[in-house]
Amino acid sequence: MFHTSFIEINRSALKSNLRFLKRLTGPDVRFCSVVKGNAYGHGIEHFVPLAEECGVDIFGVHSADEALRTHLVKKKKGTHVMIMGMIDDDALSWAVENDVSFYVFEFERLSAAVYAAKKQNRKARIHVELETGMNRIGFSWEDREKLADFLVRNLDHLEIMGVSTHFAGAESIANYLRIQNQIANYNRYQGYLRKKGARAQLRHTACSAPLIAYPHTKMDMVRVGILQYGFWPSKETYMQYLTQSERKRMTDNPLRQLISWKSKIMSIKNVPAGEFVGYGTVYQTTDDTLIAAIPVGYCHGFSRSLSNLGKVLIHGRRVPVIGMVNMNMMIADVSHCPGVKRGDEVVIVGSQRNNRITVSSFSDMTNDVNYETLVRLPREIPRHIIE
Ligand SMILES: *Cc1c(COP(=O)(O)O)cnc(C)c1O
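Definitions and limits used
- Residues numbered from 1 in each chain as written.
- Predicted model: local features only at pLDDT ≥ 70, side-chain atom pairs only at ≥ 80, totals over all residues.
- Heavy atoms only, no water.
- Helix = DSSP H or I, 4+ residues; strand = E, 2+ residues; numbered from the N terminus.
- Buried < 20%, exposed > 50% of the residue type's maximum accessible area, 1.4 Å probe, protein only.
- Lys, Arg positive; Asp, Glu negative; His and termini not counted.
- Salt bridge = Lys/Arg side-chain N within 4 Å of Asp/Glu carboxyl O.
- Polar contact = N/O pair within 3.5 Å; in protein donor to acceptor, adjacent residues only side chain to side chain.
- Contact = heavy atoms within 4.5 Å.
- Near = heavy atom within 4 Å.
- Areas by Shrake-Rupley, 256 points an atom, 1.4 Å probe, with all protein chains shown as cover.
- Nonpolar A, V, L, I, M, F, W, Y, C, P; charged D, E, K, R; others polar.
- Expected span 1.5 Å × (residues − 1).
- Pairing = 2+ DSSP bridges.
- Axes fitted to C-alpha atoms, helices over the stretch in contact; angles between N-to-C directions.

Student: How would you summarise the side chain of Glu66 if you had to cite specific residues and measurements?
Tutor: Inspection of the secondary structure puts Glu66 in helix H4 (residues 64-73). The side chain of Glu66 sits in the buried core without any salt bridge; Arg69 is the nearest counter-charge, 6.0 Å away. One polar contact links the side chain of Glu66 to the main-chain amide nitrogen of Gly37, over a distance of 2.9 Å. Not counting residues within four places of it along the chain, the set of residues in contact with Glu66 comprises Lys36, Gly37, Asn38, Ile44 and Val61.

This is how it looks when you write it as structure tokens:
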């Protein structure tokens, strides 16, 4: 292989996660699969066709470039792409022409959408994003009259596919009141627009955490990212799920992680007791030590903060990463792996024999969230689908 590591994406794990999510949402709620951040590191080009095969027909992305990538790899004609964040005015024509829907959260973009629709002589499909208390982007309650007027006047050029909002941290119970207020604000605003004749096909507010913690936020569509990849948004969310469901044990996790990340040993050598390993004085051997060099470093997404802290699987054992994680290499102590040799498999994330390293075991050690660890995986690492 040309690359120093590779990523596997497990098809049956995705199938099983999507089945679980469908049971949660019920049959009448649309499911939008969120694939921003290169499908949370899984790779848009690999994930999108796979999810389509499993029945997904709406994908949510952040920006026009991700929408283009998704649009280019989707296999089914009926599959829809929705941009939830940034699209420049000069990309709006492309979106309208290709039936890609997009969020609008200010009047400038709303006017630009109408302009693009007239130019293309077809309706722009929009999602009106409401400010409900996250204080990030969205139309404020004060804008309501002007917004309703504008929408109603331009219904020949606009198809209001959705009215949406986003919650400010539903994965933590600390935000309970704020979320409750957001739900109330959303309902009031959405109700106002509807009464004025600016009726949306889909009311959508929930991402992964609210789907579990505030199930009535499901409405007409959910926008799910992290759960479909097999991760809980937070431990709290998982505990909430366990208390609601008939599953009561921590080992009953209904989600399966899709991703594995593997490499192989590039070199093995002995280091006598009392020597420093790698840069500086970060690690000193106490005994004669057998070390393995692994050609994966922080440029590949293995965080430098895992220096002297990370673990990888070799011969089914969890072995420690010793010394600093370098830009493209790290060192593991393999003194307790009899018969270990150059070329042996190294599992950075995933299973080997009876042992397993999860992405969250990284995140726990460095205080990173799963989201961040995943999206740090570079696009260049080859991805393979496995059954
Ligand atoms: C990222 C994102 C989602 C998905 O979030 P998850 O927590 O991964 O489910 C949904 N909606 C919007 C607007 C987002 O930006």
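Student: I'd love a proper account of the site of the ligand, names of residues and values included.
Tutor: Every residue lining the ligand is accounted for by Val34, Lys36, Tyr40, Met84, His166, Cys207, Ser208, Arg223, Val224, Gly225, Ile226 and Tyr371. Between Ser208 and the ligand, the recorded distance is 2.5 Å, taken from a side-chain N or O atom to an oxygen atom. A distance of 2.9 Å is found between a nitrogen atom of the ligand and a side-chain nitrogen or oxygen belonging to Arg223. In the complex, 91% of the free accessible area of the ligand, which totals 390 Å², lies under the protein chains. Among the secondary structure elements, those contributing two or more residues to the shell around the ligand are helix H2 (36-40) and strand E9 (221-224). Its residues placed into classes, the shell around the ligand shows 7 nonpolar, 3 polar and 2 charged.

Student: Would you mind going over helix H8 (residues 176-195) in detail, with residue names and values included?
Tutor: Relative to the 28 Å expected for 20 residues at 1.5 Å per residue, H8 spans 29 Å between its end C-alpha atoms, a close match to the ideal helical length. Among the residues of H8, those classed as buried are Ile179, Gln182, Ile183, Tyr186, Tyr189, Gln190, Tyr192 and Leu193. Of the surrounding secondary structure, the elements contacted by the buried residues of H8 are helix H7 (144-153), strand E7 (158-164) and strand E8 (202-206). Looking one or two residues beyond H8, the residue adopting positive phi is Gly197, at roughly 100°.

Student: Talk me through the side chain of Ser234; I want residue IDs and the actual numbers.
Tutor: Mapped onto the elements, Ser234 comes out in the loop between E9 and helix H10 (235-244). Since its relative accessible area comes to 18%, Ser234 is described here as buried. Within the structure, the side chain of Ser234 is placed 2.8 Å from the backbone oxygen of Glu171, a separation counted as a polar contact.

Student: An account of the pattern of salt bridges is needed here, citing residue identities and associated values.
Tutor: Under the counting rule described, the total for this entry stands at 11 salt bridges. A salt bridge links Glu387 to Arg11; its shortest N-O distance comes to 2.7 Å. Taken as a pair, Glu387 in the segment after strand E18 (383-386) and Arg11 in helix H1 (residues 11-25) lie far apart in primary sequence, 376 residues in all. On the basis of relative accessible area, Glu387 is assigned to the exposed category, the value being 60%. Here Asp344 and Lys341 are joined by a salt bridge, their closest N and O atoms 3.1 Å apart. Residue classification places Asp344 among the buried residues on the basis of a relative accessible area of 9%. Through salt bridges with shared partners, a single network forms among Glu8, Lys262 and Glu345.

Student: Kindly report on the sheet that holds E9, identifying the contributing residues and their values.
Tutor: A barrel is described by the order of its strands in space; here 8 strands give the closed sequence E2-E3-E4-E5-E6-E7-E8-E9, paired in parallel fashion. Strand after strand, the sheet turns through a mean of 30° between neighbouring axes, direction not considered. In terms of strand pairing, E8 meets E9 through 2 bridges, oriented parallel. Bridge pairing in E9 places Ala206 opposite Val222. Set on the sheet, H4 makes contact with strand E3 (58-61) and strand E4 (80-83); between it and E4 the angle comes to about 170°. Helix H6 (residues 107-120) contacts strand E5 (101-104), strand E6 (124-129) and E7 of the sheet and is inclined by roughly 150° relative to E5.

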